[in-house]
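A look at the structure
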Amino acid sequence: MTSTAAAPPPPRAYRRLSVEERRAQLLVAALGLFAHRAPDEVSLDEVAVAAGVSRPLVYRYFPGGRQQLYEAALGSAADELKLCFTEPPVGPPTERVARVLDRYLRFVDEHDTGFSALLRGGSVVETSRTTSIVDGVRRAAAEEIISHLGRIGGADAGERSAGPRLRMMVRSWIAAVEAASLIWLDEGKRPPAAELRGWLVDHLIALLAATAATDEETAAVVRDLLALEAPGGPAGRLADLVIPVVADAAHLLAPAPAAD
């Protein structure tokens, strides 16, 4: 009686990657390493191993070495981060911003060490080019937030153009979001991301209210936004919490002028 050995599986067909596919493969491998380690701690050998290719192949696509690879990977991550701030103009503005922040904090969570190294700077591979890429993300984020406030960031957009006080306020809030994200990572990602997101939305509403008190354009923006908000949404919830606190400050108000 003869035994029949199982036939070996047919060899897998080899498909040669296109130039763009190979470049994308190397960037994915690099981003995976940069996500959890400072850029200057990652070698090209490690990128090659992560991508399953040879070191010379990495150099073929990135002849400038680690610096060129890092800038390309950073540009790819920047494009992904910009997409976090892209949100259709549907629904109450504060709920749109909450969805934006959910995506942003998810990105921060998934790229923790790399995100910290990127924003804190000081890396040996930091250059004016990398700084420009990061600043481009900040500006794009500000433009998107301004659009959700019913304005356009450019100064030449006519009646819908955001004024200097409103632009400064939004850019200050973007900086605060970055700082809070870094502190969140330092604190072991506490409080939970959803709680942090809610606090950052509250921060934006508070900045809008404070700016509206002395800037008529921002006051008009706030009036338009409040008309779009739902009673149970972020703005309504914050108003419900803040009004009792503010009521305790009634004694600080200037007395009304006496009637003639």
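Calculation notes
- Residues numbered from 1 in each chain as written.
- Predicted model: local features only at pLDDT ≥ 70, side-chain atom pairs only at ≥ 80, totals over all residues.
- Heavy atoms only, no water.
- Helix = DSSP H or I, 4+ residues; strand = E, 2+ residues; numbered from the N terminus.
- Contact = heavy atoms within 4.5 Å.
- Areas by Shrake-Rupley, 256 points an atom, 1.4 Å probe, with all protein chains shown as cover.
- 1 Å grid on protein atoms, 1.4 Å probe; cavity = no way out; pocket = protein on both sides within 12 Å on 5 of 7 lines; lining within 4 Å.
- Points joined across faces, edges and corners; volume = space filled by probe spheres on them.
- Nonpolar A, V, L, I, M, F, W, Y, C, P; charged D, E, K, R; others polar.
- Phe/Tyr/Trp six-rings, centres within 6.5 Å; stacked < 30°, edge-to-face > 60°.
- Buried < 20%, exposed > 50% of the residue type's maximum accessible area, 1.4 Å probe, protein only.
- pLDDT = per-residue confidence, 0-100.
- Salt bridge = Lys/Arg side-chain N within 4 Å of Asp/Glu carboxyl O.
- Axes fitted to C-alpha atoms, helices over the stretch in contact; angles between N-to-C directions.
- Parallel < 35°, antiparallel > 145°, perpendicular 65-115°, else oblique.
- Left-handed = near helix turned anticlockwise from the far one by under 90°.
- Patch = residues over 30% accessible without salt bridge, like charges linked within 9 Å, V, L, I, M, F, W, Y side chains within 5 Å.

All right, on to the overall build of the chain then. Along the chain, the regular secondary structure elements total 11 helices and zero strands. Written out in order from the N terminus, the α and β elements of the chain read α-α-α-α-α-α-α-α-α-α-α. Of the contacts formed within the chain by residues at least 6 apart in sequence, a portion of 66% connects residues at least 24 apart. On the chain, roughly 15100 Å² of surface is accessible, and the fraction owed to carbon and sulfur atoms is 59%.

Here the largest pocket is characterised by a volume of approximately 330 Å³. Lining the largest pocket are 18 residues; nearest its centre among them are Ile205, Ala209, Val222, Leu226 and Ala235. Put simply, the parts of the chain that give the lining of the largest pocket at least two residues each are α5 (93-110), α9 (193-212), α10 (216-226) and α11 (234-247).

This next bit is on empty space enclosed by the protein. Counting across every chain of the model gives two cavities of 30 Å³ or more. In this structure, the second largest cavity occupies an estimated 130 Å³ of space. Surrounding the second largest cavity, 16 residues form its lining, Leu81, Leu119, Val137, Arg138 and Glu178 being those nearest its centre. When residues of the lining of the second largest cavity are traced back to their parent elements, those giving at least two are α4 (66-84), α6 (112-120), α7 (128-148) and α8 (164-186). Broken down by element, the residue count for the lining of the second largest cavity peaks at five residues, all from α7. Tallied by class, residues from the lining of the second largest cavity come to 14 nonpolar, no polar and two charged.

Under the definition given, this model contains three aromatic pairs. Measuring from centroid to centroid gives 5.2 Å for Phe34 and Tyr70, while their planes differ by 80°, and the two rings are edge-to-face. A residue pair is termed long-range when its members are at least 10 positions apart, and Phe34 in helix α1 (residues 19-34) and Tyr70 in helix α4 qualify at 36 residues. The class of Tyr70 is buried, set by a relative accessible area of 8%. Grouping aromatic residues by their ring pairs yields a cluster made of Phe85, Tyr104 and Phe115.

It is worth spelling out the confidence of the model for the chain at this point. Put simply, the chain has an average pLDDT of 86, and 87% of its residues get 70 or more. α6 is the least confidently modelled element of the chain, averaging 75 in pLDDT, while α9 averages 97, the highest of any element.

In this section: the pattern of salt bridges. Following the criterion strictly, the structure yields 12 salt bridges and no others. Between Arg55 and Asp45 there is a salt bridge, with the nearest N and O atoms lying 2.7 Å from each other. Of the two residues, Arg55 is situated in helix α3 (residues 55-61) and Asp45 in helix α2 (residues 44-51); the sequence distance between them amounts to 10 residues. Linking Arg237 and Asp202 is a salt bridge whose minimum nitrogen-to-oxygen distance equals 2.8 Å. Taken together, the residues span a long stretch of sequence, with Arg237 in helix α11 and Asp202 in helix α9 at a distance of 35 residues. Residue classification places Arg237 among the partly exposed positions, given a relative accessible area of 37%. Owing to a relative accessible area of 14%, Asp202 belongs among the buried residues under this scheme.

Close contact between α9 and α10 brings their axes to 8 Å; oriented N to C, the two are set at 130°. Comparing the axis directions of α9 and α10 gives the class oblique. The interaxial crossing formed by α9 with α10 has left-handed handedness. Along its contact with α9, which presents Leu208, Thr211 and Ala212, the element α10 presents Thr218, Ala219, Val222 and Leu225.

Glancing now at a nonpolar patch on the surface. Together, Leu241, Val242 and Val246 line one region of the surface with nonpolar side chains, adding up to about 250 Å² of accessible area. Here Val242 is to be found in helix α11.

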